[in-house]
Protein chains: 4
Amino acid sequence: MERDQFTHMKIGPVKDCEDVISSMKSIVENINEVIKLLDREDIKKMLQKILDGEMVFVMGAGRSGLVAKAFAMRLMHLGFTVYVVGETTTPAVKSRDVVIAISGSGETGSIANLGRIVKDIGSTLITVTSKKESTLGKISDIVMVLPGKAKNDHDAGGSLEKNIRGDYKNLPPLGTAFEIISLVFLDSLIAQLITLIGATESDLKARHTNIE
Amino acid sequence: MERDQFTHMKIGPVKDCEDVISSMKSIVENINEVIKLLDREDIKKMLQKILDGEMVFVMGAGRSGLVAKAFAMRLMHLGFTVYVVGETTTPAVKSRDVVIAISGSGETGSIANLGRIVKDIGSTLITVTSKKESTLGKISDIVMVLPGKAKNDHDAGGSLEKNIRGDYKNLPPLGTAFEIISLVFLDSLIAQLITLIGATESDLKARHTNIE
Amino acid sequence: MERDQFTHMKIGPVKDCEDVISSMKSIVENINEVIKLLDREDIKKMLQKILDGEMVFVMGAGRSGLVAKAFAMRLMHLGFTVYVVGETTTPAVKSRDVVIAISGSGETGSIANLGRIVKDIGSTLITVTSKKESTLGKISDIVMVLPGKAKNDHDAGGSLEKNIRGDYKNLPPLGTAFEIISLVFLDSLIAQLITLIGATESDLKARHTNIE
Amino acid sequence: MERDQFTHMKIGPVKDCEDVISSMKSIVENINEVIKLLDREDIKKMLQKILDGEMVFVMGAGRSGLVAKAFAMRLMHLGFTVYVVGETTTPAVKSRDVVIAISGSGETGSIANLGRIVKDIGSTLITVTSKKESTLGKISDIVMVLPGKAKNDHDAGGSLEKNIRGDYKNLPPLGTAFEIISLVFLDSLIAQLITLIGATESDLKARHTNIE
């Protein structure tokens with residue numbers, strides 16, 4: 001397909017919104033499924049590494065990068081020294097730091113390249129992914145697996161109608177399911193870190209940006 | 001509190017991760033609750049306005065801004081001409097465009113200021129918020145309410161332990177619940193738009209960035 | 001003007017590039033002019049405040065925001081704890097911090113609003129601007145004036161041809177002249193800070209991101 | 001060097017600012033030098049390719065990336081359909097597009113990788129660099145050379161004092177000289193494009209973001 005910035009302006013009237021509701025329900029089912037499959041030993045190891053690192057760096061491409069940023073913001077609220085790879089004042093990574101990569105497929109080219117550099121530096125690399133045996137999975141100190149559909153699964157070009165009867169049923173397209181489950185998981189790690197550190201919500205608020 | 005970039009490096013060993021699991025379950029319950037309370041007429045109006053706009057602009061501060069970006073990226077994959085307010089090549093908003101603001105409290109200063117400008121231009125303003133009667137809610141053409149805890153609710157500074165027995169139980173801190181539910185909701189709008197437009201997953205892939 | 005995303009694809013062949021050369025020469029003349037007009041007492045005060053602050057925050061909208069980021073990156077290379085307002089892990093500003101605003105006109109709405117908040121917090125506010133008597137100029141602790149054309153000067157809609165015979169001759173459009181001079185000035189502040197701190201180029205390189 | 005976030009707060013009082021002035025003068029000399037060395041045939045070819053492309057994409061890492069964004073913003077003001085690689089709503093690159101890479105050394109790993117992908121897609125690749133014979137230079141359709149010091153030149157770790165008597169005299173550290181000259185050059189390309197297209201300053205203002 002070459003470019004087609006087609007006009008949507010002739011579509012409608014919108015008569016129902018049942019796909020919105022069924023998609024939300026599918027996402028909930030998917031989260032419930034992942035909760036059952038989480039490896040609690042890996043979660044504990046990941047929490048310990050985050051607590052042990054001198055600085056925390058997060059990285060991800062596209063929507064996984066947005067999830068990485070959302071996690072980094074909360075870590076900052078908790079008092080961690082944390083940076084997003086690629087932002088303006090992000091310093092050099094050192095061996096005592098921990099780097100967290102988010103990649104549904106574990107194969108995102110730029111992130112895998114950075115992962116190799118991180119391992120050359122000698123830092124701890126944690127990858128949050130749905131694919132344990134991926135490029136990033138293989139080089140990471142901890143692979144935190146959130147099982148499920150990644151961007152390149154089911155990519156035969158079938159319509160989403162067809163997918164309703166497939167393995168991933170009513171889920172939104174591409175890596176959406178992974179991105180949501182990784183946000184839910186990482187925000188829940190924050191809840192655990194709050195308990196571990198003994199933080200209160202007002203501690204978090206005191207660090208929240210006051211000039212936005 | 002003046003600044004205290006305290007060291008986490010003495011905390012541990014991490015012995016359990018039950019808060020991770022209970023937080024994930026609370027998030028699921030929260031999504032299920034919101035599904036029941038959604039106003040389907042507002043959803044249909046919002047979908048129609050998105051289809052009718054010449055260009056779509058999204059905006060939000062902090063983590064709500066990240067959710068706005070995640071939504072914008074998928075709209076682009078669907079073939080919409082869409083921009084994030086504040087990014088480099090975002091052009092001027094015109095009266096035929098639709099602007100979508102994401103704000104849990106509906107009171108974020110910078111976003112409310114921009115909302116007023118948007119209404120002066122004569123564009124359509126849609127606000128996704130948990131507070132219908134907020135500053136942004138009052139000036140918007142459509143207020144898409146996702147009910148629940150916003151950043152400034154329950155801000156008496158109590159520990160999260162205390163919150164477990166409060167209204168919001170085990171939810172992660174600050175605006176987390178709203179940010180997750182807004183991502184889940186907007187990704188589900190995408191599922192509906194795919195049906196309305198008749199797009200396939202391979203259409204979306206063809207527009208997905210090929211240089212990341 | 002409503003929207004006109006016109007096609008450039010029929011323009012050409014490009015026969016000369018004399019405007020490129022004359023514009024570069026005009027920019028050089030403009031820098032030379034500003035060098036003569038700089039207030040050295042203000043420069044010294046600005047340097048001292050940057051050295052005295054606990055953390056440094058920078059902010060600006062549009063291209064001035066890009067200049068702010070370029071400056072912040074070098075301050076980080078020098079070992080300062082520095083943040084860009086609006087980036088992911090930027091913490092709360094405290095009274096012992098210094099905030100540097102870049103605004104050619106000194107009237108950028110969002111930046112002026114943030115400037116007022118900064119002064120309410122009790123932090124030091126430095127504005128780099130071409131307009132001493134602007135909104136931001138009036139509330140700042142230090143106004144570092146870089147004299148010259150700002151975005152809203154000469155905005156009668158005349159063609160740039162006409163401007164060649166005007167006050168600003170051959171300068172590029174809008175706030176370009178200010179943005180360039182502010183980058184040149186701030187990079188030269190870095191040269192002075194290097195001397196003051198006694199840094200070497202290899203110190204800077206050691207802090208330069210190693211994962212890009 | 002492992003990490004040393006040292007305190008600057010004991011340095012001063014700042015007694016002079018002569019390095020600021022001499023650095024600014026060195027930057028001016030450097031721009032003057034580059035003006036003489038520019039290849040006007042390459043400039044014309046670059047202008048023609050920008051006019052001929054369906055969409056324009058810009059990319060760069062670090063401060064070169066900020067220069068790329070500053071250029072992209074002005075191209076948008078001129079009515080081009082232009083995107084920054086890595087921003088939220090940047091679509092897929094197609095063969096009819098032109099991609100402009102900014103890299104002083106021409107060796108930035110991530111940008112060189114993307115350059116190779118761009119050439120595989122069949123798009124036009126223009127690199128703005130100080131090194132014609134670099135990795136990026138070798139694979140580009142047009143290499144726009146801005147001669148001078150790049151980040152990795154003179155990296156023996158000598159103090160900048162020493163550099164005063166070296167080849168690059170009083171220039172600010174790392175790739176600063178290239179970043180400034182590339183901004184000056186690209187803004188001057190804009191001046192030429194304005195003439196070629198017949199735009200007025202009010203045309204540009206009409207496209208300038210109205211919600212910042």
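Residues numbered from 1 in each chain as written. Chains lettered and ligands numbered in written order. Predicted model: local features only at pLDDT ≥ 70, side-chain atom pairs only at ≥ 80, totals over all residues. Heavy atoms only, no water.

Trainee: Looking at this structure, how should I read the overall build of chain A?
Mentor: On a plain count of helices and strands, chain A comes out with eight helices and five strands. Secondary structure elements of chain A, listed N to C terminal, follow the sequence α-α-β-α-β-β-α-β-α-β-α-α-α. For chain A, with 212 residues in total, the buried portion stands at 62%. Here chain A displays about 7,300 Å² of accessible surface, and carbon together with sulfur accounts for 49% of that area. (Helix = DSSP H or I, 4+ residues; strand = E, 2+ residues; numbered from the N terminus. Buried < 20%, exposed > 50% of the residue type's maximum accessible area, 1.4 Å probe, protein only. Areas by Shrake-Rupley, 256 points an atom, 1.4 Å probe, with all protein chains shown as cover.)

Trainee: Is there a simple way to explain the interface of chain C and chain D in this structure?
Mentor: Note on interface size: it is often stated as the accessible area lost on association of the parts. Contact with chain C, which involves 93 residues of that partner, is made by 93 residues of chain D. For the pairing of chain C and chain D, the buried interface totals around 8,200 Å² over both sides, and the portion due to carbon and sulfur atoms is 64%. When residues of chain C are sorted by the area they lose upon contact with chain D, C:Met24, C:Arg63 and C:Glu201 head the list and together hold 9% of the total. The tally of links between chain C and chain D comes to 28 residue pairs in polar contact (both at pLDDT 80 or more). Among the elements of the structure, α1 (18-37), α2 (40-52), α3 (62-77), α6 (160-164), α7 (176-197) and α8 (201-207) of chain C are those that each provide at least two residues to the side of chain C that touches chain D. Looking at the side of chain C that touches chain D, the element that brings in the most residues is α7(C), giving 17 residues. Here the side of chain C that touches chain D is built from residues that sort into 42 nonpolar, 27 polar and 24 charged. (Contact = heavy atoms within 4.5 Å. Buried area = accessible area lost by both parts, 1.4 Å probe. Polar contact = N/O pair within 3.5 Å; in protein donor to acceptor, adjacent residues only side chain to side chain. Nonpolar A, V, L, I, M, F, W, Y, C, P; charged D, E, K, R; others polar.)

Trainee: Even after reading the chapter, I still don't get the relation of the copies chain A and chain C, so can you show me in this structure?
Mentor: Here the second copy of the chain follows from the first by a rotation about an axis and a shift along it. Of the two same-sequence chains, chain A is brought onto chain C (RMSD 0.0 Å, axial shift 0.0 Å) by a rotation of 180°. In symmetry terms, the pair is related by a two-fold rotation axis. Judged by C-alpha distance, A:Glu87 is the residue of chain A that lies nearest the rotation axis, at 3.7 Å. Counting the interface residues of chain A, we find that 100% of their copies in chain C are interface residues as well, pointing to one common contact surface. (Least-squares fit on C-alpha atoms with pLDDT ≥ 70 in both.)

Trainee: Any chance you could explain the sheet that holds strand β5 (residues 142-145) of chain D here in plain terms?
Mentor: Two modes of strand pairing occur in sheets, parallel and antiparallel, and in both the strands are linked by backbone hydrogen bonds. Residues and elements named next belong to chain D. Judged by pairing direction, the sheet is parallel, and its five strands sit side by side in the order β2-β1-β3-β4-β5 without closing on themselves. Both edges of this open sheet fall to β2 (82-84) and β5, since each of them pairs with a single strand only. Taking each pair of neighbouring strands and ignoring which way they run, the sheet shows an average axis angle of 20°. Looking at chain direction, strand β4 (residues 124-129) and β5 are connected through four bridges and run parallel. Each residue of the ladder has a partner; that of Thr127, found in β5, is Val143. Packed onto the sheet, helix α4 (residues 109-121) meets β1 (56-60), β3 (98-102) and β4 and runs at close to 155° relative to β4. (Pairing = 2+ DSSP bridges. Axes fitted to C-alpha atoms, helices over the stretch in contact; angles between N-to-C directions.)

Trainee: Any chance you could explain the packing of α1(C) against helix α7 (residues 176-197) of chain D here in plain terms?
Mentor: In a pair of packed helices, the angle between the axes and the distance between the axes together describe the arrangement. Between α1(C) and α7(D), the least distance of the axes is 8 Å, while the angle of their chain directions is 130°. The orientation of α1(C) with respect to α7(D), classified from their angle, is oblique. Pair α1(C) / α7(D) crosses with right-handed handedness. Between α1(C), through C:Glu18, C:Asp19, C:Val20, C:Ser23, C:Met24 and C:Ile27, and α7(D), the contact on the second element is made entirely by D:Ile181, D:Val184, D:Phe185, D:Asp187, D:Ser188, D:Leu189, D:Ala191, D:Gln192 and D:Thr195. Classifying every residue of the contact of α1(C) with α7(D) by side-chain character gives eight nonpolar, four polar and three charged. (Parallel < 35°, antiparallel > 145°, perpendicular 65-115°, else oblique. Left-handed = near helix turned anticlockwise from the far one by under 90°.)

Trainee: Hey, could you run me through the side chain of A:Thr89 in this one?
Mentor: Considering the arrangement of structural elements, one finds A:Thr89 in the loop between β2 (82-84) and β3 (98-102). Polar side-chain contacts of A:Thr89 include one of 3.1 Å to the backbone oxygen of C:Val82.

Trainee: I tried to follow the environment of A:Cys17 on my own but got confused; where do I start?
Mentor: Counting through the fold element by element, A:Cys17 comes out in the segment before α1 (18-37). Judged by its relative accessible area of 1%, A:Cys17 is buried. A:Cys17 has contacts with B:Arg40, B:Ile43, B:Lys44, B:Leu47 and B:Gln192, leaving out every residue within four places of it along the chain.

Trainee: Before we go on, may I ask you to explain the sheet that holds strand β5 (residues 142-145) of chain C in this structure?
Mentor: Residue and element names in this part refer to chain C. The strand order across the open sheet built from five strands is β2-β1-β3-β4-β5, with neighbouring strands paired in parallel fashion. Edge positions in the sheet fall to β2 (82-84) and β5, since each of these pairs with one other strand and no more. Strand-to-strand twist in this sheet, taken as the mean axis angle between neighbours without regard to direction, amounts to 20°. Sheet contacts for α3: β1 (56-60), β2 and β3 (98-102); angle to β1, the most-contacted strand, approximately 160°.

Trainee: Would you mind going over the interface of chain A and chain C with me for this structure?
Mentor: Each partner contributes residues to the interface: chain A has 27 residues there, and chain C has 27 residues. For chain A, the biggest contributors to the area lost against chain C are A:Thr88, A:Thr89 and A:Ile211; these three give 33% of the whole. Our count for the contact surface shared by chain A and chain C stands at ten residue pairs in polar contact (both at pLDDT 80 or more). Of all the elements in the fold, those that place two or more residues in the side of chain A that touches chain C are α3 (62-77), β2, α4 (109-121) and α8 (201-207) of chain A. Among the residues making up the side of chain A that touches chain C, the classes are represented as 16 nonpolar, six polar and five charged.

Trainee: When you look at unusual backbone geometry in this model, what are you seeing that I'm missing?
Mentor: What is expected of a backbone is that most residues other than glycine have negative phi and most peptide bonds are trans. Residues A:Gly12 and A:Pro13 are joined by a peptide bond in cis, for which omega reads 0°. Its location among the elements puts A:Pro13 in the segment before α1.

Trainee: I would appreciate a short explanation of the packing of helix α2 (residues 40-52) of chain B against helix α7 (residues 176-197) of chain B in the present structure.
Mentor: Residue and element names in this part refer to chain B. Two elements in contact, α2 and α7, have axes whose closest approach is 11 Å; the angle formed by their N-to-C orientations is 65°. Seen along the crossing, α2 lies across α7 with a hand that is right-handed. Seen from α2, the contacting residues are Ile43, Met46, Leu47, Ile50 and Leu51; seen from α7, they are Phe185, Leu186, Leu189, Gln192, Leu193, Leu196 and Ile197. Of the residues belonging to the contact of α2 with α7, the class tally is eleven nonpolar, one polar and no charged.

Trainee: Honestly, α7(D) in this entry has me stumped. Any pointers?
Mentor: Structural remark: α-helix, 3.6 residues per turn; residues separated by three or four positions point the same way. An ideal rise of 1.5 Å per residue puts 32 Å on 22 residues; α7(D) measures up with 31 Å between its terminal C-alpha atoms. Just beyond α7(D), the residue with positive phi is D:Gly198, at close to 80°. (Expected span 1.5 Å × (residues − 1).)

Trainee: Help me understand the pairing of strand β3 (residues 98-102) of chain B in this model?
Mentor: Regular strands show a simple pattern: their side chains alternate between the two faces of the sheet. All names here are of chain B. The element β3 is extensively covered by neighbouring structure, given that five of its five residues are classed as buried. Burial of the side chains of β3 extends over both faces: Val98, Ile100 and Ile102 are buried on one face and Val99 and Ala101 on the other. Across five bridges, strand β1 (residues 56-60) lies against β3 in parallel orientation. Its bridge partner lying in β3, Met59 is registered against Ala101. Remark: the β3/helix α4 (residues 109-121)/strand β4 (residues 124-129) crossover connection has right-handed handedness. (Right-handed = clockwise from strand over helix to strand, strands pointing away.)

Trainee: Even after reading the chapter, I still don't get α4(B), so can you show me in this structure?
Mentor: All names here are of chain B. Taking 1.5 Å per residue, 13 residues should reach 18 Å; α4 reaches 19 Å between its end C-alpha atoms and fits that length. Within α4, the full set of buried residues consists of Ile111, Ala112, Leu114, Gly115 and Val118. The arc that holds every buried residue of α4, seen down its axis, measures 160°, which confines them to one face. Against β1, β3, β4 and α5 (135-139) lie the buried residues of α4. In the segment just after α4, Gly122 is the residue with positive phi, at about 95°. (Arc of directions from axis to C-beta.)

Trainee: What exactly am I supposed to notice about the environment of B:Ile27 here?
Mentor: All names here are of chain B. Within the secondary structure, Ile27 sits in helix α1 (residues 18-37). By relative accessible area, which is 2% here, Ile27 ends up buried. The sequence separation of Ile27 and Pro172 amounts to 145 residues, and the corresponding C-alpha distance is 8.3 Å.

Trainee: Can you help me understand the pairing of β1(B) in this one?
Mentor: All names here are of chain B. Most of β1 is tucked away, with four of its five residues classed as buried. Alignment of β1 against strand β2 (residues 82-84), held across three bridges, turns out to be parallel. Across the sheet, residue Val56 finds its bridge partner in β2, namely Val82. For the segment spanning β1, helix α3 (residues 62-77) and β2, crossover handedness is right-handed.

Trainee: Hey, could you run me through the pattern of salt bridges in this one?
Mentor: Side chains that differ in sign of charge can pair as their charged atoms come close. The final tally for this structure, using the stated rule, is 40 salt bridges over all chains. The partner of A:Arg63 in a salt bridge is B:Asp187, and the shortest N-O contact between them spans 2.7 Å. You can see A:Arg63 sitting in helix α3 and its partner B:Asp187 sitting in helix α7, one on each of two chains. When sorted by exposure, A:Arg63 lands in the same class as B:Asp187, which is buried. Here B:Arg63 and B:Glu179 are joined by a salt bridge, their closest N and O atoms 2.5 Å apart. Of this pair, B:Arg63 sits in helix α3 while B:Glu179 sits in helix α7, and the two are 116 residues apart along the sequence. Accessibility classification places B:Arg63 together with B:Glu179 in one group, the buried group. (Salt bridge = Lys/Arg side-chain N within 4 Å of Asp/Glu carboxyl O.)

Any functional reading would require information that these geometric values do not contain.
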